[in-house]
Structures are given as C-alpha cells and as structure tokens.
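One letter stands for each residue in the lines below.
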Amino acid sequence: MSSVLLEFQTVSYTYPGATQPAIQHLNLAILAGQKTAILGHNGCGKSTLLFLADGLYRCSTGAIFWKGEPLHYHASALNQWRQRIGLAFQDPEQQLVAATVAEDISYGLCNLSLSKAEIAQRLRQTLQDFSLQDIADRPLHHLSLGQKRRVALAGVMALQPELLLLDEPTAYLDRLQTRHLLTELDRIQANGTTIVMATHDLDLAYAWADWVIVLHRGRLVLSEPAQQVFAQVDVLNQLQLGMPTLLECWYALPAAWRDRRLPPKTIAELWQYSDNGNCSAVPQR
Ligand SMILES: Nc1ncnc2c1ncn2[C@@H]1O[C@H](COP(=O)(O)OP(=O)(O)OP(=O)(O)O)[C@@H](O)[C@H]1O
Ligand SMILES: [Mg+2]
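It should be emphasised that the depicted structure is a prediction, and the values quoted were computed from it without experimental measurement. (Residues numbered from 1 in each chain as written. Chains lettered and ligands numbered in written order. Predicted model: local features only at pLDDT ≥ 70, side-chain atom pairs only at ≥ 80, totals over all residues. Heavy atoms only, no water.)

### A closer look at unusual backbone geometry
Then comes step 1: Look at Glu168: it is not a glycine, yet its phi comes out positive at around 50 degrees.
Then comes step 2: Residue position: Glu168 is located in the loop between strand S7 (163-167) and helix H6 (175-190).
Then comes step 3: Located in the positive-phi region is Tyr172, a residue other than glycine, with phi close to 75 degrees.
Then comes step 4: Topologically, Tyr172 is positioned in the loop between S7 and H6. (Helix = DSSP H or I, 4+ residues; strand = E, 2+ residues; numbered from the N terminus.)

What follows is the structure, given as structure tokens:
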C-alpha cells in the first residue's frame, strides 16, 4: 500500500482582509507514487491549496504534515520543506527571478549548499532533460510564455523534490507542447517524484490522473480514485464540471456495446475495444 506523503488536517485559510475563507476544513492525503489531479471551478481554491502545501501561506487553522511531521514556518524549516516539495506556479512570471535561463535554474541550486561542481552538473543535466540547451543563455524576457513555463518547471525539478505540485501546467501550451509535457511528467514520475496537478482540463485529468480531488468553494467534495470520480456523472453534472470528452462519447454509444466494459481512458483503448469490429476484448484494471 502507498504511504502518505502530504496530509492536510482540517486546514482553513482566509486571505488577509477577506470575509470568506478560500479553503475550509480541508482534510486530504497525497499518496506516494500516485498521480493526483485537483479539479474545480475558477476561484474554488486550487492555487491556494498548493500555496498552503508549499508553505507559502500559513494555515489559519489546522495543520499540514509531511510523512507525519508537521510543517513549521520558521525559515530553516521552510527551506527544508521546499527541498522536498516543489511548486511550479500558475503564472511562470511570478516564479522566474534571474536574467537568463541558466542563471534562473542555478539560482535555486545555489540555495542548497552544494559544491560548485555539483551545481554545474545538475544545471547541465536539467538543461538536457528539459531540452533547454539551445536557449540556456537567452534572457528570460525574450522567451514565449510556453518556454517560460518549461524553464520554471526545470528550475523546480533541478532541486529534485519528492513531491511536485503543478498549477495549471498546460495553460499557454499548444497540443505538441502539452504532449511533450506529459512525456516529461511520465519521466519525472518514473524517477520517483510524486506529482499533483491543479487543472481545469478535464480531458487531461481523465487521461493522466490515478486519483482526483474535487474542490468547490474552498471545500473538498471528492477525493477518490479517478475511475470512481468519473463514474459519478450526477455529481459532476451537479457541480457543472462537465465530463471528459472521451467519456461523453463513450456514454453516447449503445448500452449493449458498452456492456461489461470499463470506460476507455484513451482513444487507443477505445480502438482496442472495437478490435476490427469484434468487440470481445475487455481490459482488466
Ligand atoms: N491574494 C488574494 N487576496 C484575497 N483573496 C484572494 C487572493 N487570491 C485568491 N483569492 C480568493 O481566494 C479564492 C480561491 O482562489 P484561488 O486562486 O485559490 O482559486 P483557483 O481555484 O486557483 O482559481 P483559478 O482556477 O482561477 O486559478 C477565490 O475566491 C479568490 O478570489
Ligand atoms: Mg489557480
């Protein structure tokens, strides 16, 4: 069974001057090795939850734990916390601090008390992993928004966190870049980093996530295996979240054809079902 990495216990957070809490009585656990998607409408609290998880905001009430140890908010504890948990912001402009790509990636590494040789090695490896060698010396303000996102993610991953938090990672990315990002995330996950992604993109969450958290007005509505969440059509409709396109098409197929089959997660799985018109293959999950 997977172990709990991060846990929220009855966490609430109210922004200074706000009358309503942005996060209310939140209980949730992030399991090691699971791909978790956080879904919900604009303003439901996804980014706030990630900021709380990264220690950028301090819970108004409740507590956050890493492998059972509570988060403390003094500088050295936060520094250690952020070596385990990396956050790629919704807006990369908020994250990038240096003049060039290479300098920005090095910036975080310089805070890790590593030797110069190790910083140089990690920088080289990160530029290679994220295909940034050709733009390593480019000023950040000369990059497109999609390129800035890649640099911001590279800067976080250079620190080798155990948990990666991504806030709307596919915003501003075209289809090709989104595909590249997903390949990149598979590589990151396979190397042992657990990923949590806040996203509006239901299709992406459906194809990618093992576990889904649904927020509504700062409260937790669902935290369940993805398959279970997407089976709750009534709840998703009630929240006006809609359905993933593939699932909508699936439910539009004749019931007799769908009989005994699990909904496909990808177009490729749907094709497997049709199996040249012989609909006998039933995948086991
Ligand atoms: N700096 C702030 N000061 C006051 N209220 C804020 C601040 N930032 C966010 N909020 C409020 O907190 C609530 C949650 O915002 P948050 O940004 O976490 O939502 P979100 O789910 O990430 O939305 P989106 O999908 O648009 O990114 C919203 O009601 C928002 O108006
Ligand atoms: Mg947000």
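### With respect to the sheet that holds strand S9 (residues 211-216)
Then comes step 1: Spatially, six strands are ordered S6-S7-S8-S3-S9-S10 in an open sheet, and the strand pairing comes out mixed. Edge strands, defined here as strands with exactly one partner in the open sheet, are strand S6 (85-88) and strand S10 (219-225). The average angle at which neighbouring strand axes cross in this sheet is 15 degrees, direction not considered.
Then comes step 2: Looking at chain direction, strand S3 (residues 35-39) and S9 are connected through four bridges and run parallel. Note on S9: the bridge partner recorded for Leu39 is Val214.
Then comes step 3: With respect to the sheet, helix H5 (residues 145-157) is in contact with S6 and S7, its orientation differing from that of S7 by roughly 160 degrees. (Pairing = 2+ DSSP bridges. Axes fitted to C-alpha atoms, helices over the stretch in contact; angles between N-to-C directions. Contact = heavy atoms within 4.5 Å.)

### With respect to the confidence of the model for the protein chain
Then comes step 1: For the protein chain, per-residue confidence averages 92 on the pLDDT scale, and residues scoring 70 or more make up 96% of the total.
Then comes step 2: Of the regions scoring below 50 in pLDDT, residues 281-285 engages in 13 contacts with residues more than four places distant in sequence or in other chains. (pLDDT = per-residue confidence, 0-100.)

### Focus on the site of ligand 1
Then comes step 1: Near ligand 1, the surroundings consist of Tyr15, Ala22, His41, Asn42, Gly43, Cys44, Gly45, Lys46, Ser47, Thr48, Gln90 and His200.
Then comes step 2: Separating an oxygen atom of ligand 1 from a side-chain N or O atom of Asn42 is a distance of 2.9 Å.
Then comes step 3: Between ligand 1 and the protein, one listed contact pairs an oxygen atom with a side-chain N or O atom of His200 at 2.9 Å.
Then comes step 4: For ligand 1, whose free accessible area comes to 640 Å², the fraction covered by protein is 60%. (Near = heavy atom within 4 Å. Polar contact = N/O pair within 3.5 Å; in protein donor to acceptor, adjacent residues only side chain to side chain. Areas by Shrake-Rupley, 256 points an atom, 1.4 Å probe, with all protein chains shown as cover.)

### A word on the packing of aromatic side chains
Then comes step 1: Taken as a whole and assessed by the stated rule, the structure comprises nine aromatic pairs.
Then comes step 2: Plain terms: the ring middles of Tyr13 and Tyr57 are 5.0 Å apart, the flat faces sit at 10 degrees to each other, and that makes the pair stacked. Taken together, the residues Tyr13 in strand S1 (residues 4-13) and Tyr57 in the loop between helix H1 (46-53) and strand S4 (61-66) connect sequence positions 44 residues apart.
Then comes step 3: Judged by its relative accessible area of 8%, Tyr13 is buried.
Then comes step 4: Put simply, the rings of Tyr13, Tyr15, Phe51, Tyr57 and Phe89 pair up and form one aromatic cluster.
Then comes step 5: A cation sits over an aromatic face here: Arg187 above Phe130, 5.7 Å from the ring centre.
Then comes step 6: Looking at Arg261, its charged tip hangs above the ring of Trp257, at a distance of 5.1 Å from the centre. (Phe/Tyr/Trp six-rings, centres within 6.5 Å; stacked < 30°, edge-to-face > 60°. Buried < 20%, exposed > 50% of the residue type's maximum accessible area, 1.4 Å probe, protein only. Lys NZ or Arg CZ within 6 Å of the ring centre and 35° of its normal.)

### Observations regarding H6
Side chains of residues three or four places apart in an α-helix project in the same direction, reflecting 3.6 residues per turn.
Then comes step 1: With 16 residues, H6 extends 23 Å between its outermost C-alpha atoms, agreeing within 8% with the 22 Å of an ideal straight helix rising 1.5 Å per residue.
Then comes step 2: Contacts from the buried residues of H6 go to S3, helix H4 (116-129), H5, S7, strand S8 (194-198) and helix H7 (202-208).
Then comes step 3: With a side-chain oxygen lying 3.2 Å from the backbone nitrogen of Leu176, the N-terminal cap of H6 falls on Asp174.
Then comes step 4: At the C-terminal side of H6, Gly192 shows a positive phi close to 105 degrees. (Expected span 1.5 Å × (residues − 1).)

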